[in-house]
Structures are given as C-alpha cells and as structure tokens.
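# Structural overview
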Amino acid sequence: MSAPAAPSRRFAVVTLGCARNETDSEELAGRLASEGWQLVDEAADADAVLVNTCGFIEAAKKDSVDTLLAAADLKSGVHQIGSAPPGPGPQAVVAVGCLAERYGEQLAAALPEADAVLGFDQYADIAARLEDVLAGRPVASHTPRDRRTLLPVSPVQRGAATHAVPGHALPAQVAPEPEAPDLPEGMAPASGPRPVRRRLGSGPSAPLKIASGCDRRCAFCAIPSFRGSFISRRPSDVLAEARWLAEQGVRELILVSENSTSYGKDLGELRLLETMLPELAAVDGIERVRLSYLQPAEMRPSLIEVLTSTPGVVPYFDLSFQHSSATVLRRMRRFGDTDRFLDLVAAIRDRAPEAGIRSNVIVGFPGERKADVAELERFLTGARLDAVGVFGYSDEDGTEAVSLDGKVAPAAIARRLTRLTSLVEELTSQRAEERLGSTVEVLVEAIAPDGEAEGRAEHQAPEVDGSTTLLPRAGQPYAIGELVTATVVSTAGVDLVAAERQPAHVS
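Fair warning: this is a prediction, and the values are worked out from it, not measured in the lab.

This part takes up the packing of helix 7 (residues 235-247) against helix 8 (residues 272-281). In contact at an axis separation of 11 Å, helix 7 and helix 8 are set at 20 degrees when each is read in the N-to-C sense. The angle between helix 7 and helix 8 places the two elements in the roughly parallel class. The two elements helix 7 and helix 8 cross, and the hand of that crossing is right-handed. Contacts between helix 7 and helix 8 involve Pro235, Val238, Leu239 and Ala242 from the former and Leu272, Met276, Glu279 and Leu280 from the latter. Its residues assigned to classes, the contact of helix 7 with helix 8 comprises 7 nonpolar, no polar and 1 charged.

What follows is the structure in structure tokens.
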C-alpha cells in the first residue's frame, strides 16, 4: 500500500498595475502550477500570496504597499483582502513585480511585514523560493540594478541575451518540443523559448506580451531602469501563445509592451509588426486584435495602414503624447508639437473616421508655463480624442526630471490638473456623442439579470476607455464572448448605450 500523496501547496496572486503585469502574474502562476502548486482564488485560502506590485508613480507605489500590508494583516487574522469568507490565512506574503524589482532590499527593510521581496531574476525558480520562505529558510532580498546594463547597446545584438526577462524564458528553462509535459487545464505548454502561462481570468479578452523594456530616455520615466532595454519576443512565440489563448476561449488579443512601435528593431526588421498583425488576426477563434502602447514619434504610414485596413485588427491608437508644447516635450526628451500631433490624428482619421484614439498627458512638468498649458489645450481641443488620462507631475526617483530647474508649485499643478481634467471630460463626452447613430461591434463581457449586456466597442480598451451597454434583445440572450453589431442610441460621458442592429428585411 503506497503512502498517501502529500497535499500540494496552495498559492494566490494579487495583481496591481498594467496589463503587462497581468501577463507576468500568469507566468508566475504557470510556473508554480507546473511544479504541482494549486492556484486558489482567495488569499485567505493560500499557503503563500504573491503580490505583483506596480512601481510606476507614487499613487501606484502606495497602492502596492497598502496591498502588501493588507495581505500581512490577513496572515495575522486582522482582516481579509476582498469580501470572501474567512479562511485559514496565508503563511507567507511575497512581493514581486516592479516595486520589488525597483527597490528590492530597500522595500524589504521598510516593509518587514513581507516575508520576501523577489526580483525578475527569481521568477524562473519561484516555486523553490516560495518553498524556502514557507520552510523558514532565509531568502535574500532582491538587489536592484539598472537593467538597461544587462543588454547590449545595439538592439540587433540582444538576441543572445541570457538574463531573465518576464515573458521571455530561455530555451533551457522550458520543456522541449514535442514531448511537452502534461499540464493542468488552463495552462499553456511551453512552445519554443517562452514560459508556461496559466490564465488567472476567464474573460473573452487577454493581454499578450510582444516585447519588454524601452530604449527611450524620457526625463520623467523610471521604467527602463527596472524593466530594462527593449527586447522583442519572436513572432513564432507570440503566434503560438495567441493560438493557445484562442483555445482557452479568448476572442480579443490585447498586444502589450512598454513600446509596441519599436517591435522588431532588435530582430532586424522594424516593420515586422505590420507582418505579424494580420497573422494574429487570422488565428482561428480570434475575432479582434488590439495594439497598445504606441509612441507618436515612431508612428509610420505603413503601421497606420495595417491598423486601419486589416480585418480583425481594430483601428485603435493608444498614443503616448504626454504633452504638445514643443518646449516642454524637449525638456521631457521627447519629440513633436501640437501641429505635428494634429497631423498624425488627421492622418489616422482620414483612413478610419471612427478610429479610437486615446492618450495620457502630464501637467506641471518642470519649466511648464501658462503658454505651454494653453498649447496643450489647443491640441486636446483640436484632436477630439476618445479618452485621455491627465496626470499631475511628481518627481520619480532616479529620473532626470528630479534635477531640472523650473519646478512648478504643487498648488499650480493642482489647478492645472483640475482645469485640464474638466476640459478632457467635456471633450471626450462630445466625442462619444459624435458616435450617436453609428454602428459599433461590441464584444460582450458581462450579462445583467435584466438581459442587458456590458461590453466594449472597437475604440474601447479594457478598463481605460469606457464601455458599451447593450439593451436587452428579444429571443436568445447575449453570450459572453459574442460580437454584437449594434447602433449607438445614447451616451453617458465616454460610455455608450447601443441596441442590437436588426438585419434588413428583403421584400
């Protein structure tokens, strides 16, 4: 009689920040599941809780620290994360992600409530590290370093890189093909140089990482220092993961990176994205492909052409303008100005009048004058973007902008933030109203008891661009993952209300 099998370890993942972090969390979940760990939904039911932190701006850092503290309180029985019924509570709380990578030992010293602080280099051995934590063995906190120094300066020499990049596993770290191991349902088999992945959600859309890092040196941004220089995933790996996501029920792929317009430059072909997009749209089961994180200075006519004319690729432009005053942009170490940006918007809408265009802007950057704010207002008024995030500038550790002169007083930043936010709300509401009577394709993501459905039109990315409510229809109810052709009948801010479009009757 054989001895009973030891119960598997249980883990939960709490993800903060952007869609890139979502893919990293799913990599961690896949690695743990392949080692026999059991994924649970609630932190209270886990032996170990991974908090995938965000280290982008001050508010995101605070949210990450608060979440780690809440998980630590859960461990001691103080309160729960979320509203789930009480469980036994986790034995370990581990910080991973951008905040952990950026601050490492400093975060560990400031937050002793976390049982370990692990960096990207430890993802490949995440199961062993969690076992060490649970066994009480010492686990050295991550030592931060500028990850830009880990790759060659020349992009085309980066293919031989041997250091860890989340989402870019090395061939030695994955099971060989075709003798891939049997993996739990919902987890991707390794295919070429990529890690296993386990979906943490069940919705009809999913992020798909196409690259990591950034070679730009924007004065306000610390991301390249802890995410590293730009490196593309190979098209074969991206396509293999897209096919797996389609098998998991995904209908919309959201392509993510730190800078998608640079895709392929380290593979010897800057226009590789224009080739790959139609191939992704042709994957069986995929209805929509959405490209995110575009740099205006790197946009090119061939990419606009593909994004506005390829069936299955939505005409959606997530353009990182940040400002439109030439003076401010140069101090930011960026390029462009109001008129160039308006020309870019016009070129897109000449090709696709209904294209969705979103952006983020920063007010109060050092040296910004009232005339610069007026120039930004001129751009926003002329561009009529679908969605805009407005942020007030704040110093970020390790960035050039910290040492710039001409700092704007906090009270002035607050006033400009309020003014620009109000303007953006008015302009984006007007843009939504321009869609009244138009036809939209809505991907259904949730269904209400009254028969209404919630989803997103082509110009709406998850969580950032609003949503579309579909009015109840007679007969068969809506289904999650269904694409519904509908007519916009009303708006509320950036959100739309639409009625299913009935096919024309032939007399």
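All right, on to helix 9 (residues 301-309) then. Within the sequence span of helix 9, burial applies to Leu303, Ile304, Val306, Leu307 and Thr308. Against helix 8, strand 12 (288-291), strand 13 (316-318) and helix 11 (338-351) lie the buried residues of helix 9.

Applying the stated criterion across every chain, the model contains 7 aromatic pairs. With centroids separated by 5.5 Å and ring planes inclined at 80 degrees, the aromatic side chains of Phe120 and Tyr123 adopt a geometry described as edge-to-face. A single burial state applies to Phe120 and to Tyr123, both of which are buried. Where Phe321 meets Phe341, the ring centres are 4.7 Å apart and the plane angle is 50 degrees; that geometry is what we call tilted. With Phe321 in the loop between strand 13 and helix 10 (326-331) and Phe341 in helix 11, this pair connects stretches of sequence that are 20 residues apart. Each member of the pair, Phe321 as well as Phe341, carries the same accessibility label: buried. By the ring-pair criterion, three or more aromatic residues cluster together here, those being Phe220, Phe365 and Tyr393. Across from the ring centre of Tyr293, 4.5 Å away, lies the NZ or CZ of Arg20, which sits over that ring.

One finds Leu253, Leu277, Leu280 and Phe317 to be the most contacted residues of the largest nonpolar core, which totals 67 residues. Apart from residues no more than four positions distant in its own chain, Leu253 is found in contact with Ala206, Leu208, Ala242, Leu245, Leu280, Ile286, Arg288, Val289 and Arg290. Residues Leu50, Val94, Leu134 and Ile223 belong to the second largest nonpolar core, which totals 24 residues.

The bulk of non-glycine residues show a negative phi, and the bulk of peptide bonds are trans. Even without a glycine there, the phi angle at Tyr293 is positive, about 65 degrees. Counting through the fold element by element, Tyr293 comes out in the loop between strand 12 and helix 9. One non-glycine residue, Arg384, lies in positive phi territory at about 50 degrees. By secondary structure assignment, the location of Arg384 is in the loop between helix 12 (370-383) and strand 15 (387-392).

Here we take up the side chain of His323. Among the secondary structure elements, His323 is positioned in the loop between strand 13 and helix 10. Take His323: its relative accessible area is 0%, and that puts it in the buried class. Among the polar contacts listed, one links the side chain of His323 to the backbone nitrogen of Ser325, at a separation of 3.1 Å.

What follows deals with the sheet that holds strand 17 (residues 453-456). Taken together, 5 strands build a closed barrel; the order of strands is 16-17-18-20-19 and the barrel is mixed. Within this sheet the neighbouring strands show an average axis-to-axis angle of 50 degrees, counted without direction. As paired strands, strand 17 and strand 18 (residues 468-470) are joined by 3 bridges and run antiparallel to one another. Residue pairing for strand 18: Gly455 is matched across the bridge by Thr468.

Calculation rules
- The numbering scheme is per chain: residues are counted from 1 as the chain's sequence reads.
- The predicted nature of this model means local features are confined to residues of pLDDT at least 70 and side-chain atom pairs, given and counted, to a pLDDT of 80 or more, with totals for whole chains, interfaces and linings taken over all residues.
- For side-chain calculations, the full set of non-hydrogen atoms in the structure is used, while hydrogens and water are omitted.
- All axes here are fitted lines through C-alpha atoms, helices being fitted over the stretch that makes contact, and every angle between N-to-C directions spans 0 to 180 degrees.
- The way it works is that DSSP assigns letters per residue, a run of H or I at least four long becomes a helix, a run of E at least two long becomes a strand, and they are numbered from the N terminus.
- If an angle is under 35 degrees, it is roughly parallel; if it is over 145, roughly antiparallel; if it lies from 65 to 115, roughly perpendicular; otherwise it is oblique.
- Take the far helix as the reference: if the near one is turned anticlockwise from it by less than a right angle, the crossing is left-handed, and if turned clockwise, right-handed.
- Note on contacts: a residue pair qualifies if any of its non-hydrogen atoms lie within 4.5 Å across the two residues.
- The classification used treats Ala, Val, Leu, Ile, Met, Phe, Trp, Tyr, Cys and Pro as nonpolar, Asp, Glu, Lys and Arg as charged, and all other residues, Gly among them, as polar.
- Only protein chains enter the accessibility calculation, which uses a 1.4 Å probe. A residue is then buried if its area is under 20% of the maximum for its type, exposed if over 50%, and partly exposed in between.
- What counts as a ring pair is set by centres within 6.5 Å for rings of Phe, Tyr and Trp (its six-membered ring), and what kind of pair is set by the plane angle: stacked under 30 degrees, edge-to-face over 60, tilted for all other angles.
- Put simply, a charge is over a ring when the Lys NZ or the Arg CZ is close to the ring centre, within 6 Å, and near the line of the ring normal, within 35 degrees.
- Remark: nonpolar core denotes a set of buried residues (Ala, Val, Leu, Ile, Met, Phe, Trp, Tyr, Cys) joined through side-chain atoms within 4.5 Å.
- Under the rule applied, a polar contact is a pair of N or O atoms within 3.5 Å (in protein, one hydrogen donor and one hydrogen acceptor; residues adjacent in sequence only if both atoms are side-chain atoms).
- Between any two strands, pairing holds if DSSP finds at least two bridges.

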